[in-house]
Amino acid sequence: GEGEAWHIASRLEMDDLAEIYAGIAKERDIEGALAYLPRGVHADLRVNGNGRFLFVQNYAAEGKAVSLPEGTDVITGEAVGGTEIIPVHGIRIIQY
């Protein structure tokens, strides 16, 4: 095939791994849900005819700061954007 495999023979911190992965994604023109996520936060991006929907969930034991795109929170209807604290077990669903 035409695929690639990567092997990292080192014990790296999560931030270092994130930097490596971000470089590979940028080089391959792969778009992630968000550019940076703190440990314990998960994000998924879904796109359909009604727009782009970003699901951000915090599984960490404390609130986490996440940089969100400008849009509308689907649950509350309020405008969102910029850095926000996602509370413990919190979720934001943003349409943008």
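Residues numbered from 1 in each chain as written. Predicted model: local features only at pLDDT ≥ 70, side-chain atom pairs only at ≥ 80, totals over all residues. Heavy atoms only, no water.

**Things to note about the pattern of salt bridges**
Note that side chains of opposite charge can pair when their charged atoms are close.
Turning to step 1, where the next piece is worked out: Per the stated rule, a full pass over the model turns up six salt bridges.
Turning to step 2, where the next piece is worked out: Put simply, glutamate 4 and arginine 28 hold a salt bridge, and the shortest N to O gap is 2.4 Å. Here arginine 28 lies in the loop between α1 (14-27) and β1 (41-48) and glutamate 4 lies in the segment before α1, a separation of 24 residues in the sequence.
Turning to step 3, where the next piece is worked out: Lysine 64 is paired through a salt bridge with glutamate 62; the nearest N and O atoms lie 3.0 Å apart.
Turning to step 4, where the next piece is worked out: Members of the salt-bridge network, linked through shared partners, are Asp73, Glu78, Glu84 and Arg92. (Salt bridge = Lys/Arg side-chain N within 4 Å of Asp/Glu carboxyl O. Helix = DSSP H or I, 4+ residues; strand = E, 2+ residues; numbered from the N terminus.)

**What to know about the environment of alanine 33**
Turning to step 1, where the next piece is worked out: Structurally, alanine 33 can be placed in the loop between α1 and β1.
Turning to step 2, where the next piece is worked out: Taking the C-alpha atoms as reference points, alanine 33 and aspartate 44, eleven residues apart in sequence, are found 5.5 Å from one another.
Turning to step 3, where the next piece is worked out: Beyond its immediate sequence surroundings of up to four residues, alanine 33 is in contact with Ala43, Asp44, Leu45 and Leu54. (Contact = heavy atoms within 4.5 Å.)

**What about the nonpolar core?**
Turning to step 1, where the next piece is worked out: Among the nonpolar cores identified, the biggest contains eleven residues, and these are Ala33, Leu34, Val41, Ala43, Leu54, Val56, Val66, Leu68, Val80, Ile86 and Ile94.
Turning to step 2, where the next piece is worked out: Counting residues per element, the ones that place at least two in this core are β1, β2 (51-58), β3 (64-73) and β4 (79-86).
Turning to step 3, where the next piece is worked out: Setting aside its immediate chain neighbours within four residues, valine 41 contacts Val56, Gln57, Asn58, Lys64 and Val66. (Core = buried A, V, L, I, M, F, W, Y, C linked by side-chain atoms within 4.5 Å. Buried < 20%, exposed > 50% of the residue type's maximum accessible area, 1.4 Å probe, protein only.)

**Brief notes about the layout of surface pockets**
Turning to step 1, where the next piece is worked out: By volume, the largest pocket is sized at about 550 Å³.
Turning to step 2, where the next piece is worked out: Residue lining of the largest pocket: 20 residues in total, with Ala18, Leu34, Ala35, Tyr36 and Leu37 positioned closest to the centre.
Turning to step 3, where the next piece is worked out: Those elements giving two or more residues to the lining of the largest pocket turn out to be α1 and β1.
Turning to step 4, where the next piece is worked out: Of all the elements, α1 adds the most residues to the lining of the largest pocket, at seven residues.
Turning to step 5, where the next piece is worked out: Considering only residue class, the lining of the largest pocket consists of 15 nonpolar, two polar and three charged. (1 Å grid on protein atoms, 1.4 Å probe; cavity = no way out; pocket = protein on both sides within 12 Å on 5 of 7 lines; lining within 4 Å. Points joined across faces, edges and corners; volume = space filled by probe spheres on them. Nonpolar A, V, L, I, M, F, W, Y, C, P; charged D, E, K, R; others polar.)

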